[in-house]
Amino acid sequence: MATPKRSSWERACEELEARLSREDPAQAADLAALDRVRVGLLGRKGALTELLKALKDLSLEDRRALGPRAQGLKTLLEGKIAERQNALERTADERKLSAELDLTLPGLPQPRGRRHPLTQILDEMTRILSLMGFSWAEGPHVEDDRHNFSALNIPEHHPARDLHDTLYLADAPLLLRTHTSPVQIRSMEARRPPLRIMCPGRVFRHEAVDATHSAVFHQLEGLYVERGVTFADLKATLAAFMEQLLGSSEIRLRPSFFPFTEPSAEVDVRCLFCSGRGCPVCKQSGWLELLGAGLVHPNVLKAVDIDPERWSGFAFGIGVERLAMLKLGVKDIRQFYENDVRFLRQFDENIA
Ligand code: FA5
């Protein structure tokens, strides 16, 4: 038999439940109405607060039986109030926003970034070479004498060292690499042939800066070592590469000298601006000089323990800025580094 106190508590609880279905917080029209519901039920003298307080007059057994019912009611109610409050606040914010802003106005234009023209050209060069089977290689900017010079068949006191105005670090014999060719040595030290690598990167020379010379510039090195590689492979590879990159496959190889290649060549491409008729850009010659190349010197292979009787290879080194200048019609190399957005803006993403 329920005690009278328990019966009257249960009645009060049922009434409250009935009231909740009439005063559902989810129906509150605005924040003020919601607050009235909250105070009426959960305030200091609120109906639910009173009901919870009245629990203490019940026996321990009744409290255990009825307590969870009252607590459940409280949790349910608090949840409903919070939910309604969020919804009402959101609507209020939106109303305020649309009163202050015209949401139909077009947005502010966001300036769109683009890759630097040199990065665009480099990306295009490496994309083409990777399709031709060259894989990515890298080397440090700070080099030692062996990788930058001696393993490349440039011994001490060799006049070729004068070609590179080298920047030595205070704790010599370390230096800033003067070309990307040391990566040839590093790649062959790390891997046995056959290998076919490309290495784009920054190089440093103690050089007077002018319209066509920078003290810091980029080169792209290529190296292919396999059985029976010949000059014909070099020429065919460069012709296919130039065709893809510049739309001109007519190239010319002129005898030249690099200590690390034998024979060596300067590679020219048919002038892009006059199709070979002669113009100021090609100095009326009809040809543009783009890179140095040659067959890997046997001494270079020997320096990395590769038998030159069994293996042969070709290598090339392209001046990236010079190529970009030709392709983009840029007359002064310094413009690439000045970060003048008026200059950079001209090179939309589709140039390369
Ligand atoms: C070399 O540096 C050789 N390592 C290239 C090479 C690699 C030859 C593999 C054979 C086999 P060179 O010093 O000529 O070569 O430089 C290569 C290219 O870098 C030049 O053709 C030119 O396009 C560019 N270059 C040279 N000096 C500068 C400079 N100061 N500023 C901008 N570009 C330069």
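Above this text you will find the structure in question.
First things first, this report covers the structure right here in the doc. Remember, predicted model here, so these are calculated numbers, not experimental data. (Residues numbered from 1 in each chain as written. Predicted model: local features only at pLDDT ≥ 70, side-chain atom pairs only at ≥ 80, totals over all residues. Heavy atoms only, no water.)

## Brief notes about the site of the ligand
Next up, step 1: Within the structure, the ligand sits among 22 residues, and H179, S181, R205, E207 and S214 are positioned closest to it.
Next up, step 2: Within the side chain of H179, an N or O atom sits 2.9 Å from a nitrogen atom of the ligand.
Next up, step 3: Within the backbone of S214, an N or O atom sits 3.0 Å from a nitrogen atom of the ligand.
Next up, step 4: When contributions to the shell around the ligand are tallied by element, the ones reaching two or more residues are strand 6 (216-226), strand 9 (287-296) and strand 10 (312-319).
Next up, step 5: At four residues, strand 10 tops the list of elements feeding residues into the shell around the ligand.
Next up, step 6: Its residues assigned to classes, the shell around the ligand comprises seven nonpolar, 11 polar and four charged. (Near = heavy atom within 4 Å. Polar contact = N/O pair within 3.5 Å; in protein donor to acceptor, adjacent residues only side chain to side chain. Helix = DSSP H or I, 4+ residues; strand = E, 2+ residues; numbered from the N terminus. Nonpolar A, V, L, I, M, F, W, Y, C, P; charged D, E, K, R; others polar.)

## So, the sheet that holds strand 9
Next up, step 1: As summarised here, the arrangement of the seven strands in space is 1-5-6-10-9-8-7, forming an open sheet in which the pairing is mixed. In the strand order of this sheet, the two ends are held by strand 1 (135-136) and strand 7 (251-258), each with one partner.
Next up, step 2: Strand direction decides the pairing type here: strand 5 (residues 195-204) and strand 6, joined by 10 bridges, are antiparallel. Bridging from a neighbouring strand, M198 pairs with G222 of strand 6.
Next up, step 3: Against the sheet, helix 5 (residues 117-131) touches strand 1, strand 5, strand 6 and strand 10, its axis set at about 5° to strand 6. (Pairing = 2+ DSSP bridges. Contact = heavy atoms within 4.5 Å. Axes fitted to C-alpha atoms, helices over the stretch in contact; angles between N-to-C directions.)

## Structural notes on helix 8 (residues 182-190)
Next up, step 1: Taken together, the buried positions of helix 8 are P182, V183, Q184, I185, S187 and M188.
Next up, step 2: Against strand 2 (142-143), helix 6 (145-148), strand 5, strand 6, helix 10 (298-303) and strand 10 lie the buried residues of helix 8. (Buried < 20%, exposed > 50% of the residue type's maximum accessible area, 1.4 Å probe, protein only.)

## Structural notes on the pairing of strand 5
Side-chain positions along a regular strand alternate between the two faces of the sheet.
Next up, step 1: Of all 10 residues that make up strand 5, eight are buried, and the element is covered over most of its length.
Next up, step 2: Two elements, strand 1 and strand 5, share two bridges in a ladder whose sense is parallel. Looking at the pairing, S135 lines up with I197 of strand 5.

## Quick notes on unusual backbone geometry
Next up, step 1: The step from P193 to P194 runs through a cis peptide bond, and the omega angle for that step is 5°.
Next up, step 2: A cis amide bond, omega -5°, links E262 with the succeeding residue P263.
Next up, step 3: Secondary-structure assignment places P263 in strand 8 (residues 261-270).
Next up, step 4: Even without a glycine there, the phi angle at N339 is positive, about 55°.
Next up, step 5: You can see N339 is positioned in the loop between helix 11 (320-328) and helix 12 (341-344).
Next up, step 6: Judged by its relative accessible area of 59%, N339 is exposed.

## Examining the side chain of R205
Next up, step 1: Following the sequence through the fold, R205 ends up in the loop between strand 5 and strand 6.
Next up, step 2: Despite being buried, R205 has no salt bridge partner; E207 is the closest side chain of opposite charge, sitting 4.8 Å away.
Next up, step 3: A distance of 2.9 Å separates the side chain of R205 from the backbone oxygen of T178, its partner in a polar contact. (Lys, Arg positive; Asp, Glu negative; His and termini not counted. Salt bridge = Lys/Arg side-chain N within 4 Å of Asp/Glu carboxyl O.)

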